[in-house]
Every structure is written in structure tokens, then in C-alpha cells.
Amino acid sequence: MVFLNSPRRKITDVAPEKKIQKFLDLLELATWSLPETEVRCLRMSRMIWCNYWCVLLLSSLIPTSLAHVDFFTSIGQMIDLLYTEKDLVTSLKDYVQAEESKLEQIKKWANKLDLLSATATQDPEGFLGHPVNAFKLMKRLNTEWAELESLVLKDMTDVFISNLTVQRQYFPTDEDQTGAAKALLRLQDTYRLDTNTISTGDLPGVMHKSTMTAEDCFELGKIAYTETDYFHTELWMAQALKQLDEGEESTVDKVTVLDYLSYAIYQQGELERALELTKRLLEIDPEHSRANSNVNYFEFQLKKQRQAEAKKESKDQEKREKRETKTKTKKRHTKNPLPEREKYEQLCRGEGIRLTPRRQSRLFCRYYDNARNPRYLLGPVKQEDEWDNPRIVRYHDIISESEIERVKELAKPRLRRATISNPITGVLETAHYRISKRRATVHDPQTGELTTAQYRVSKSAWLTSYEHPVVEKLNQRIEDITGLNMDTAEELQVANYGVGGQYEPHFDFGRKDEPDAFKELGTGNRIATWLFYMSDVTAGGATVFPDVGAAVWPKKGSAVFWYNLFASGEGDYSTRHAACPVLVGNKWVSNKWVHERGQEFRRPCGLTEVE
């Protein structure tokens, strides 16, 4: 059968079912000149091959678009994977049970024959002198041993392998594993978690504690390494080494971990530590060729570095003295403001700006009916001021449990990777996230300088009002409470955040340098944003406004609202906001972007630019 794999024989233009039949025919021909026992084996092989190829044919009919759905970007869709795995475990247990049953039958047969042969061999002539014993011997060797052979050769894996082959179409890919790993690194940075805290599973509010093995830590470090992120490579390789030093049994050995760790440290410029770790590696494996060459290289570079430092020391000392003298005569400059990234992460950790008592005293809770709207005269909504400038308000108990479940039910089948608006073309594009320090950049709309690009790790779906009465009811509710026309608003967007799901700082409205941002809609700019929180989040997941220091935390059943534009139509740049990474929990939100057209008499223009 070797010719089937020969590169000289091309059968790619033959239909798959014909290939299978041809293979089976060849298999049948090959049995003609073989003994009966071998024929049985080959026929069984034929049956197995037939089942296998049928499964492959069926799986090839499944659309490839269903095969991979970026699981790591949505916790909601990852739930389906748990049930897939549960089904596979059930199938695996059935297989184990079938194998155990088969072995039990073989064991009983072996024990029975062991006793029989022990008795028979004590007096073979006398034993066979009994005609029944002679008949049974012939029967056993001619029939029963053949049956036993068939039992031994019986393949119990067929059902399990068939199930596994079909289910594999929906398994996560390398991209999902990498995405989940990057999410852990992102959470580690944002919430300042040390590797040991994550490895031991001691996260705030966790219900199902899960620990990481040395191999898990090593894999995380390897993913950071492939992204040339040597900072995180060092952290996670060091954690893997720590767990191995503590005696944890693992498939990963210390030599491999030390190899990665020493190189990551070298790449960060710490020659002495890299040399120390490489020497430790050689103590375990003296024949390690790369480590031996690295030791010589590190020692040479270290010597060269020290000589250069000693040579410069005398010159630098003189320069430092002059500089210190000048510094004393100068006034101290005020500290530069924190970069946006740091302010964003501080707010996510709950370390943001606190309102002064005077500003805090201006924030109130009230029952609100929007100028005696008929729908809310008898049952006004609960409104709470979250921030004064820009004004951010929260509406409590504004969406019911049943409405939330219905919206999620409608959205789940359509969840797709979230998109962001391209700042140049205005076209919606898939938002990818990279954890490497070599982050992609875009032009900052305020300064024109290159800045870190916006990234979004979530999945979203759009629901129109005519699809279900609940969606129409929610749109009407938003209109009644805000007083704004929903006819020109965008459809209700439902989003579910994935592992470490987030949306980095961004504006909801189109800036002056983005004239085509919403050109296709023909409804003007986004005047306001309404955001439903459809789940509580155990830890993380806040909506933060870095420029002003506001942080709004998810509360199931509530919604927040703010204007993106001043009454004059000018953009309010203080509304730049972000969704913090979800540390623990599952975050569901839905938002409504309201546009300018149709609001001319509902929110008249102001007299000044910032009114």
C-alpha cells in the first residue's frame, strides 16, 4: 500500500468517496491469498477505515466559518466549550467501560483455560482418554480461540474517535490559546498582580479556585517570548522555576526553563544575572552546547562592559558635579502629568481621582419622570448622578431580568468579533489585541502624534427593533427617559467580553479629522451614549474616563447615560472612556448610540461652543 503516499501518484482530482472505495477494493484484493485469521483482521481494518473516512467526509461538509469563532473573545461562547468537553468526557468514559468489559471477558477466559490446562497437563493421556475432553479440545482450538482472537482485535475506540473527530471542528485554535494567555498578561499588568497570585488562583471574589502548574507557567512565558515580550517571559519562567524548585513534578525540566529565563534576562540588559542562571543550567547539564557558548559570550560582554564603565567613571564624575551645581540654582519643575495608559490602569484598580467634598455635594439621587412623561408619572425611574463634568447619570433597575435574558438569547447566536472605527477611513474593522511592547500606533486625534492604537477584546451583535418586542420596548424606554429621538439612532449593540475583555480609551463621536466617520449612516455624529449593564462583574470591568478620573462600576439592571457632544455640536473630549479588563466574572453590556439628526428640537443648539 506504499504507493498511496507516493508523490508520483496524484489522485487529488478524484472525488473523496471514489478514493475511499478504491482503497477498500485494494484492501479486499489483498485478502485473497491470505490465511483466514489475517483475512478477518484486514476486514476489521476495512470496517474501521470506512467509519473513519465517513466521519471525515461528514466533517468536511461543515462550513469552515463555524469551525473557528475566536472563543477567547467571549465568555458566553466559551460556555459552549464546557458542554462540548463534558460530552467528550462522557464518550471517553463509555470507551473506558467498553475496554474494561472486553478485558474482563478475556480475563475470565484466561483464568478458565489456566485451570483446565493445569489439570490436563498433569495426566495428558488420561485426560484425552475421555472422548468429551478430546472433542472440547478440538472445538476450543478450531472455534473458540478464533472467537477470542476476534474479541482481542475488536476496536472499542470507534465511537469515541468518531465523536472526537466531529467535535474537533469546534475546538479552540492556537489563536484562542494565545489570546487567553495574552489576557492573563494584560490582567497582570492592569491590576498589578504578581505571578504567584495568579498561579495560586488567589484572585478577588473567585468561586472556583484554579491553580497553575509549572508547565502552565512555562507555556505562558513561551507565548510572551514569541511576542518578544522578555519582561513577561522573565516573570513566568521564574515562576515555573520556583515551582519546580519546590518539588513540583512536571513534564517541563529545569534546563529548558533556565535556558529561556537566562536569555530573557540577557535581552533586558542584565548580564550578571543571565550569566549566573546559565552557570546554574550547566551544573544540571554540563554538556548543554548553547549554554556553554553563552557563558563564554556573557563573560566576554561583562568584562567589556566593566572596562567601559571604569573608563567613563572619571569623566562622568566631573560632569555630574557640574550638573549638580547647576541644578541647585534652578527651580524645580512640576511633574509631568501621568500618561493616559497609567491613569486608565489606576482607575481600573479603583485608585482614581476622588471628587472634592464640594463637587460631591452637587451629586444627587432622585426619582425622575423626564418632565412628567406619561409613562413615568406614576412610576418614575431612579436616577443617580455619577459624575458632574461631563455629566454622567445612572438609572437603576431600568432593565428587568427577563429582558436581559431575552436580549442575551437573541444576541448569542450572532456574536462576532467586535469592531472599531478606523480613524482614517471611518470603516469598521476587527479589533485585534497585541500584548507585546511593540504595540501598534495610530495618530492621536488631539495632538496628531502617534499613540497606542485602540484595542477591543469582546464580541458583539446588533439587534433591530422589529426583531423582537423586547428590543422595541427598550428603544422606547431610552427615548422616553432621555427625550431623544431613536429613529436615527444605531441599532442596539450587545457585547460580551472575553478573557480579560476590555476596550482601550476611545471616543464614541467622530472628531473633526474624521469627517467620514458616520457618513454611510447619514444621521450626523453620535450625540449621546446609553449603556445597559446586563451582568454584575465580580472584579474589574469598570467603565472609566481617564481625562477626568471618573469610574463607573457595572451593576446588573442599571444603565448609564452621557452626552458626547455639547449642545453646540462640538465634541466633548472629556468623554474619552474605556472598558477595563474583566478580572473575574462575565461582563454583558448593550449600548445605544444616539445620533444628531432628529434632535434639532429635542436638544436645541447652544449659543457658545462648549454650551
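Placed above this text is the structure.
Conventions and cut-offs
- Residues numbered from 1 in each chain as written.
- Predicted model: local features only at pLDDT ≥ 70, side-chain atom pairs only at ≥ 80, totals over all residues.
- Heavy atoms only, no water.
- Helix = DSSP H or I, 4+ residues; strand = E, 2+ residues; numbered from the N terminus.
- Buried < 20%, exposed > 50% of the residue type's maximum accessible area, 1.4 Å probe, protein only.
- Contact = heavy atoms within 4.5 Å.
- Areas by Shrake-Rupley, 256 points an atom, 1.4 Å probe, with all protein chains shown as cover.
- Phe/Tyr/Trp six-rings, centres within 6.5 Å; stacked < 30°, edge-to-face > 60°.
- Lys NZ or Arg CZ within 6 Å of the ring centre and 35° of its normal.
- Patch = residues over 30% accessible without salt bridge, like charges linked within 9 Å, V, L, I, M, F, W, Y side chains within 5 Å.
- Salt bridge = Lys/Arg side-chain N within 4 Å of Asp/Glu carboxyl O.
- Core = buried A, V, L, I, M, F, W, Y, C linked by side-chain atoms within 4.5 Å.
- Pairing = 2+ DSSP bridges.
- Expected span 1.5 Å × (residues − 1).
- Polar contact = N/O pair within 3.5 Å; in protein donor to acceptor, adjacent residues only side chain to side chain.

J.: Which parts of the structure should I look at to understand the overall build of the protein?
T.: On a plain count of helices and strands, the protein comes out with 18 helices and 19 strands. Within the protein, buried positions represent 41% of all 611 residues. Pairs at least 24 apart in sequence give 73% of the contacts found in the protein among residues at least 6 apart. In the structure as shown, the protein presents an accessible area of about 35800 Å², 55% of it carried by carbon and sulfur atoms.

J.: Sorry, what's going on with the side chain of Lys408 here?
T.: Tracing the backbone shows Lys408 in helix α17 (residues 401-411). Lys408 has contacts with Met534 and Trp588, leaving out every residue within four places of it along the chain.

J.: Got a minute to help me understand the packing of aromatic side chains in this structure?
T.: Aromatic ring pairs are described here by two measures, namely the spacing of the ring centres and the angle between the planes. What the rule picks out here adds up to 21 aromatic pairs. The interplanar angle of 15° and the centroid separation of 5.3 Å between the aromatic rings of Tyr395 and Trp530 together place this pair among those described as stacked. Linking Tyr395 in strand β3 (residues 392-396) with Trp530 in strand β12 (residues 526-533), this pair joins segments that are 135 residues apart in sequence. Looking at Tyr395, the relative accessible area reads 3%, which means it is buried. Both rings, one in Phe509 and one in Tyr573, keep their centres 5.5 Å apart while their planes meet at 85°; by these two values the pair is edge-to-face. Here Phe509 is found in the loop between β11 (503-506) and β12, whereas its partner Tyr573 is found in the loop between β16 (559-563) and β17 (577-579), with 64 residues between them in sequence. We classify Phe509 as buried; its relative accessible area is 2%. Assessed through its relative accessible area of 27%, Tyr573 is described here as partly exposed. Taken together, Phe218, Tyr225, Tyr230, Tyr260, Tyr263, Tyr266, Tyr297 and Phe298 form an aromatic cluster joined through their ring pairs. The positively charged end of Arg603 is found above the aromatic ring belonging to Tyr563, 3.7 Å away from the centroid.

J.: What is the right way to read a nonpolar patch on the surface from this model?
T.: On the surface, Ile79, Leu82 and Tyr83 cluster together into a nonpolar patch covering about 330 Å² of accessible area. Along the chain, Ile79 falls in helix α4 (residues 75-120). Accessibility expressed as a relative area gives 33% for Ile79, which makes it partly exposed.

J.: What is the right way to read the nonpolar core from this model?
T.: A general feature of soluble globular proteins is that nonpolar side chains tend to end up buried together. Counting residues in hydrophobic clusters, the biggest one holds 44 residues, and the most contacted among them are Tyr191, Trp236, Val257, Val544, Cys580 and Leu583. Look past the residues within four positions of Cys580 in its chain and what remains in contact with it is Tyr191, Tyr344, Cys348, Gly501, Gln502, Gly541, Ala542 and Val544. Val393, Val470, Phe509 and Ile527 belong to the second-largest nonpolar core, a separate cluster that totals 35 residues.

J.: Looking at this structure, how should I read the pairing of β12?
T.: The buried count for β12 comes to eight of eight residues, which makes it a mostly enclosed element. Of the pairings in the sheet, the one linking β12 to strand β19 (residues 588-595) comprises seven bridges and is antiparallel in character. Bridge pairing in β19 places Leu531 opposite Asn591. The pairing of β12 with β16 spans five bridges and is antiparallel. Across the sheet, residue Trp530 finds its bridge partner in β16, namely Phe561.

J.: Could you clarify how one ought to interpret unusual backbone geometry in this entry?
T.: Leaving glycine out, the prevailing phi sign among residues is negative, and the prevailing peptide bond configuration is trans. Residue Pro390 is reached from Asn389 by a cis peptide bond, and omega for that bond is 5°. Mapped onto the elements, Pro390 comes out in the loop between β2 (381-387) and β3. Its identity is not glycine, yet Arg372 carries a phi of approximately 60°, on the positive side. Relative to the elements of secondary structure, Arg372 occurs in the loop between β1 (365-368) and β2. Taking the relative accessible area as the measure of exposure, Arg372 reaches 59% and is therefore exposed. At Asp397, a position not held by glycine, the phi torsion is positive, near 50°.

J.: Quick question: what am I supposed to make of the pattern of salt bridges here?
T.: Two side chains bearing opposite charge may form a pair once their charged atoms approach each other closely. Applying the stated criterion to the full structure yields 32 salt bridges. Residue Glu246 is joined to Lys242 by a salt bridge in which the shortest nitrogen-to-oxygen separation is 3.4 Å. Glu246 gets classed as exposed once you look at its relative accessible area, which sits at 58%. On the basis of relative accessible area, Lys242 is assigned to the partly exposed category, the value being 34%. Across the pair Glu386 and Arg394 runs a salt bridge whose closest N-O atoms are separated by 2.7 Å. Through salt bridges that share partners, Glu234, Glu270 and Arg273 make up one connected network.

J.: Would you mind showing me how to read helix α12 (residues 254-267) here?
T.: An α-helical segment advances 3.6 residues per turn. Residues three or four places apart therefore align on the same side. Given a rise of 1.5 Å per residue, 14 residues ought to cover 20 Å, and the 20 Å separating the end C-alpha atoms of α12 matches this to within 8%. All buried positions along α12 are accounted for by Val255, Val257, Leu258, Asp259, Leu261, Ser262, Ala264 and Ile265. The N-capping residue of α12, defined by a side-chain oxygen 3.1 Å from the backbone nitrogen of Val255, is Asp253. Two residues or fewer past α12, Gly269 is found with a positive phi of approximately 90°.

J.: Can you help me understand the pairing of β16 in this one?
T.: Moving residue by residue along a regular strand, the side chains alternate between the two faces of the sheet. With four of five residues buried, β16 is to be regarded as a mostly interior element. Across three bridges, β3 lies against β16 in antiparallel orientation. Looking at β16, one finds that Arg394 is bridged to Val560.

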